[in-house]
Amino acid sequence: MEFRGIMGGFYRISEWIMRLSVINVLWVICALPFFLLGLLLLQTESLDQLMSTLILIAIVSPFTLFPSTAAMFAVARKWLTGEEDAPLLKTFFRGYKENFVQSMLGGIVYALIAVILYTNFKFYGSQTGTFGVLKFLVLTLTALIGVSFFHFFSIISHLHMKFFQVLKNAVLISIGHPIRSLSMIICNGFVVYISFTQFTFLIPFFMGSLIAVISFWHFNLIFGKLQTKQQALEEKAAEEAEEAARKANAESGVEALGASENDQDSRLLPTINLDKKDSEEENKTDKP
């Protein structure tokens, strides 16, 4: 039964509330050790307790938070690419399984980078003169890594790439599209701010899923532009190759263009692999 008018609007809103809350709860459950340590962090009373808890969080997060977040981004990707009715549980746990290794490795890398940046900021922050200015460089790098953090999850949930290609492209996208990346980080920062200061109920029910939707929406816009540019380059290269083949055939007196057309792909300019990630299981018919 399909509702229309005001009732249809309320139905759609309630449906999206349900979707966002279900995925967010799954995200929290699959990363429960991380969130329990986060609660413990809020209750620390000394610097030693704070540091020990942060170390535990850095150790636990690659194996809990990062795979869970990758699964949440896989669901957000379905929603924003036109598959709004994709099964929530099946899509979430399929994304968890398929992206576990890459997300875990990403968690280790980002945790190490966070430790390095924190150590450098503490060191340069206590310095004066020229060395003291370097703390602003550390802050800039922290912002860049923070933006690439969200692009990292969007890439592993959407594209077929090797791990180091994912890291490299996450950073390159952050640098190459600063306006869109800045918009994303501001929106995500606003969600985190109101979740921790105004409406704490958003944390277990909506915070993570909203961040995933916002992040992938921005990434998808960037990805669309990259695809358009790549197609334009391919078409231009194909036209140049065809024109060169015609000139060569005209000079040699050969009328057939079959050989040149067969070799056309080898003459194209090298492009980035932007193949979308679609699981083979999605193309199979479910067995009874």
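Reading the values: the criteria
Residues numbered from 1 in each chain as written. Predicted model: local features only at pLDDT ≥ 70, side-chain atom pairs only at ≥ 80, totals over all residues. Heavy atoms only, no water. Helix = DSSP H or I, 4+ residues; strand = E, 2+ residues; numbered from the N terminus. Buried < 20%, exposed > 50% of the residue type's maximum accessible area, 1.4 Å probe, protein only. pLDDT = per-residue confidence, 0-100. Contact = heavy atoms within 4.5 Å. 1 Å grid on protein atoms, 1.4 Å probe; cavity = no way out; pocket = protein on both sides within 12 Å on 5 of 7 lines; lining within 4 Å. Points joined across faces, edges and corners; volume = space filled by probe spheres on them. Nonpolar A, V, L, I, M, F, W, Y, C, P; charged D, E, K, R; others polar. Phe/Tyr/Trp six-rings, centres within 6.5 Å; stacked < 30°, edge-to-face > 60°. Arc of directions from axis to C-beta. Salt bridge = Lys/Arg side-chain N within 4 Å of Asp/Glu carboxyl O. Core = buried A, V, L, I, M, F, W, Y, C linked by side-chain atoms within 4.5 Å. Patch = residues over 30% accessible without salt bridge, like charges linked within 9 Å, V, L, I, M, F, W, Y side chains within 5 Å. Areas by Shrake-Rupley, 256 points an atom, 1.4 Å probe, with all protein chains shown as cover. Lys, Arg positive; Asp, Glu negative; His and termini not counted. Charge placed at Lys NZ, Arg CZ, Asp CG, Glu CD.

Moving on to the overall build of the protein chain. Helix and strand content of the protein chain: 12 helices and 0 strands. For the protein chain, the α and β elements follow one another from N to C terminus as α-α-α-α-α-α-α-α-α-α-α-α. Put simply, the protein chain has 288 residues, and 36% of those count as buried.

Looking now at the confidence of the model for the protein chain. Summary statistics for the protein chain give a mean pLDDT of 83 and a share of 86% for residues scoring 70 or more. For the protein chain, per-element mean pLDDT is lowest for helix H12 (residues 264-267), which scores 39, and highest for helix H4 (residues 65-80), which scores 94. Low pLDDT, under 50, characterises residues 254-272; the stretch is placed with 18 contacts to residues that sit more than four places away or in other chains. Here residues 279-288 is modelled with pLDDT under 50, and outside its nearest four sequence neighbours on either side it reaches 6 contacts, counting other chains as well.

Moving on to the layout of surface pockets. Empty space within the largest pocket amounts to approximately 1700 Å³. Lining the largest pocket are 47 residues, with Phe34, Ile57, Ser61, Leu65 and Phe149 positioned closest to its centre. If you tally residues by element for the lining of the largest pocket, the top one is helix H6 (residues 100-125), at 9 residues. Residue composition of the lining of the largest pocket, grouped by class: 38 nonpolar, 9 polar and no charged.

In this section: the packing of aromatic side chains. Counting across every chain of the model gives 19 aromatic pairs. On the basis of an interplanar angle of 85 degrees and a centroid distance of 5.3 Å, the ring pair of Phe92 and Phe93 is categorised as edge-to-face. Assessed through its relative accessible area of 42%, Phe93 is described here as partly exposed. An angle of 25 degrees between the planes, with centres 6.1 Å apart, marks the rings of Phe219 and Phe223 as stacked. On the criterion of helical spacing, the pair formed by Phe219 and Phe223 is a turn pair, its members being 4 residues apart in helix H10 (residues 202-252). Given the relative accessible area of 1%, Phe219 is considered buried. Ring pairing ties together the aromatic residues Phe66, Phe73, Tyr110, Phe149, Phe150, Phe152, Phe153, Phe163 and Phe164, which thus form one cluster.

So, on to helix H2 (residues 32-42). Those residues of H2 not exposed but buried are Phe34, Phe35 and Leu37. One side of H2 holds all its buried residues, which, seen down the axis, span an arc of 160 degrees. Those residues of H2 that are exposed and aimed more than 90 degrees away from the buried face are Leu36 and Leu39.

Our next topic: the pattern of salt bridges. Taken as a whole and assessed by the stated rule, the structure comprises 6 salt bridges. Taking the shortest distance from any N to any O, the salt bridge between Glu15 and Arg12 comes out at 3.0 Å. Residue Glu15 and its partner Arg12 are both found in helix H1 (residues 5-30); the two are separated by 3 residues, about one turn of the helix. Relative accessible area serves as the criterion here: at 15%, Glu15 is assigned to the buried category.

All right, on to the nonpolar core then. Ile23, Trp27, Phe92, Phe152, Phe153, Ile155 and Phe219 are the most contacted members of the largest nonpolar core, which totals 50 residues. Here this core gets 11 residues from one element, more than from any other, and that element is H10.

The next subject is the environment of Cys187. Inspection of the secondary structure assignment puts Cys187 in helix H9 (residues 178-197). The class of Cys187 is partly exposed, set by a relative accessible area of 31%. On a C-alpha basis, the gap between Cys187 and Ile211 in space is 8.1 Å, while along the polypeptide they are 24 residues apart. Those residues in contact with Cys187 that sit more than four places away from it in its chain are Ile214 and His218.

Together, Ile6, Met7, Phe10, Ile13 and Ile17 line one region of the surface with nonpolar side chains, adding up to about 560 Å² of accessible area. Here Ile17 is to be found in helix H1. Given the relative accessible area of 43%, Ile17 is considered partly exposed.

Below, the discussion takes up a negative patch on the surface. Taken together, the side chains of Glu234, Glu235, Glu239 and Glu240 present a region of like negative charge at the surface. By the element assignment, Glu234 lies in helix H10. Here Glu234 falls in the partly exposed class, since its relative accessible area comes to 33%.

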